[in-house]
Amino acid sequence: MTGGTTMKRILATTATLALSAGMAHAQELRFMCYQDGTECQAWEAQFETFHAENPGITVIVDEVPYAAIIESLPIQLEVGEGPDLARVTDYGGLARYMLDVRPHVSDADAIEARYGQSLAWARVGDNAPDGIYNIVDQLTATGGFANKTFFEQAGVDMPEPGASWADWAEASRAVRDAVGVDFAMAIDRTGHRFAAPAMSFGAALFDDNGDPILVDDGFRAFAEQFVAWHEDGTMARDVWAGAGGGTYQDAAGEFINANLVMYYSGSWQIGRFGRDIGDMFDWVATGAICGPEACTGMPGGAGIVGFSHTQHPEAVGAVMEFIARDDVQAAVLAQTRNIPANAMLQEAGIAYEDVSEDVAAALTAFAASIPSFSDTAYALQGYANNRAIYTSIPARITQAIVGELSLDEALERLDQDIADALAEAQ
């Protein structure tokens, strides 16, 4: 914990309030916050402005490890306890506890215009279809990274934005063979990373009622191509074949060590690459990669939500509206080096602080790709049972890659896995 303490009290105007005759007691809100970098400190600084603009409301930031968000917070909420607000990633799973702040904000239409797609992540179950439950402050996006130096050494033209998976496979194989590295392409071992290429090949994932169908013609088409790429050596085999079940595995180390031409992962790798690659070679972000039917990635990330058990819903609404403001988001994102979920800021761009040219360009490339993401990608990210999908896909597809099952058998069992998980959840 920063400074060796679990609680950071943001000093506001409590003393002034105590001296104000006839003024009601200050409304004190607790905000449970986890961070990947400096997000909690960034919000701490911004709340000083909030307090100056909203006398009578004090926000207390409880900085906690991510494990507390995914393990302890749901238990607290289940018994009607816990913070007034929290920074979370599991929107679908926590949706039933969230507060709709639409009645407590002054300009709901402005929030809708800026955050509409990510607002849908919490509009599930019994939550209102137009409710405002979450403000995303760290949008992540899946997409590719390419070793630019390798392409230059090989004399191979790098595929342009909007290029297809087939284009990247052909070019990456040519570069691999020319420069003599081990691997042409790799994709993180998780259904979350598999989902966007599958959608680009036409996978619908959900039926008209919003129920998961998963294996359709589009999903099968990408699964066939993915297995074939492992058979012909296009894909780094050990990333998927080197683990079993739903175990996550990435190939970031191979990319950092200059042993991989093209790597499909996500924007969260940008900071690591900027730090660990340094000036060893030049690299670029490709953004989303296209299939026959679409050019989409998968969104994700963290956001701030309020909870319905709060005793101060109006105050929570004021905090959420403040958090959603363009100037406030821009200041936080510049410091935390995250991608905006705010559509206005996606268009305008963020003036990131103290970053290299490679990192700044990668952040901009990923942000620019987000408007092309399909509604299905947002629906999957907000789906309450998406963890079952994300873990079952690598388990079954890997069995087809290593020959334990035929692809038809693997896909049949994958559909059954999801049906069983839904039955258990219900």
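Residues numbered from 1 in each chain as written. Predicted model: local features only at pLDDT ≥ 70, side-chain atom pairs only at ≥ 80, totals over all residues. Heavy atoms only, no water.

**Student:** Is there a simple way to think about helix 7 (residues 165-179) in this case?
**Tutor:** Three- or four-residue spacings in an α-helix give side chains the same orientation, since the helix completes a turn every 3.6 residues. Here helix 7 is 15 residues long and its end C-alpha atoms lie 21 Å apart, about the 21 Å a rise of 1.5 Å per residue gives. Among the residues making up helix 7, those that are buried are Trp-165, Trp-168, Ala-169, Ala-171, Ser-172, Val-175 and Arg-176. Within two residues after helix 7, Gly-180 carries a phi angle of roughly 80 degrees, on the positive side. (Helix = DSSP H or I, 4+ residues; strand = E, 2+ residues; numbered from the N terminus. Expected span 1.5 Å × (residues − 1). Buried < 20%, exposed > 50% of the residue type's maximum accessible area, 1.4 Å probe, protein only.)

**Student:** Would you mind showing me how to read the state of the cysteines here?
**Tutor:** In a disulfide, the sulfur atoms of two cysteines are covalently bonded to one another. Summed over all chains, the structure comprises 2 disulfides. At a sulfur-sulfur separation of 1.9 Å, the disulfide partner of Cys-290 is Cys-295. Measuring handedness by torsion sign, the sulfur bridge of Cys-290 and Cys-295 sits at about 105 degrees and is right-handed. Given the relative accessible area of 6%, Cys-290 is considered buried. When its relative accessible area of 31% is taken as the criterion, Cys-295 is described as partly exposed. The cystine pairing of the chain, numbering bonded cysteines in sequence order, is 1-2, 3-4. (Disulfide = S-S within 2.5 Å.)

**Student:** Before we go on, may I ask you to explain the domain arrangement of the chain in this structure?
**Tutor:** Note on interface size: it is often stated as the accessible area lost on association of the parts. Structurally, the chain comprises domain 1 (27-139 + 300-355) and domain 2 (141-299 + 359-425). Each of domain 1 and domain 2 has a C-alpha centre, and these two points are 29 Å apart. Between domain 1 and domain 2, the contact holds 13 residues from the first and 17 residues from the second. Between domain 1 and domain 2, roughly 1400 Å² of surface is buried when both sides are summed, and carbon and sulfur atoms account for 64% of that area. On the domain 1 side of the contact with domain 2, Gln-117, Trp-121 and Ile-339 bury the most area, a combined 38% of that side's loss. Our count for the domain 1 to domain 2 interface comes out at 0 salt bridges. Here domain 1 and domain 2 share 3 residue pairs in polar contact (both at pLDDT 80 or more) between them. For the side of domain 1 that touches domain 2, the secondary-structure elements that each account for two or more residues are helix 4 (91-94) and helix 5 (108-119). (Domains from an automatic or database assignment. Contact = heavy atoms within 4.5 Å. Buried area = accessible area lost by both parts, 1.4 Å probe. Salt bridge = Lys/Arg side-chain N within 4 Å of Asp/Glu carboxyl O. Polar contact = N/O pair within 3.5 Å; in protein donor to acceptor, adjacent residues only side chain to side chain.)

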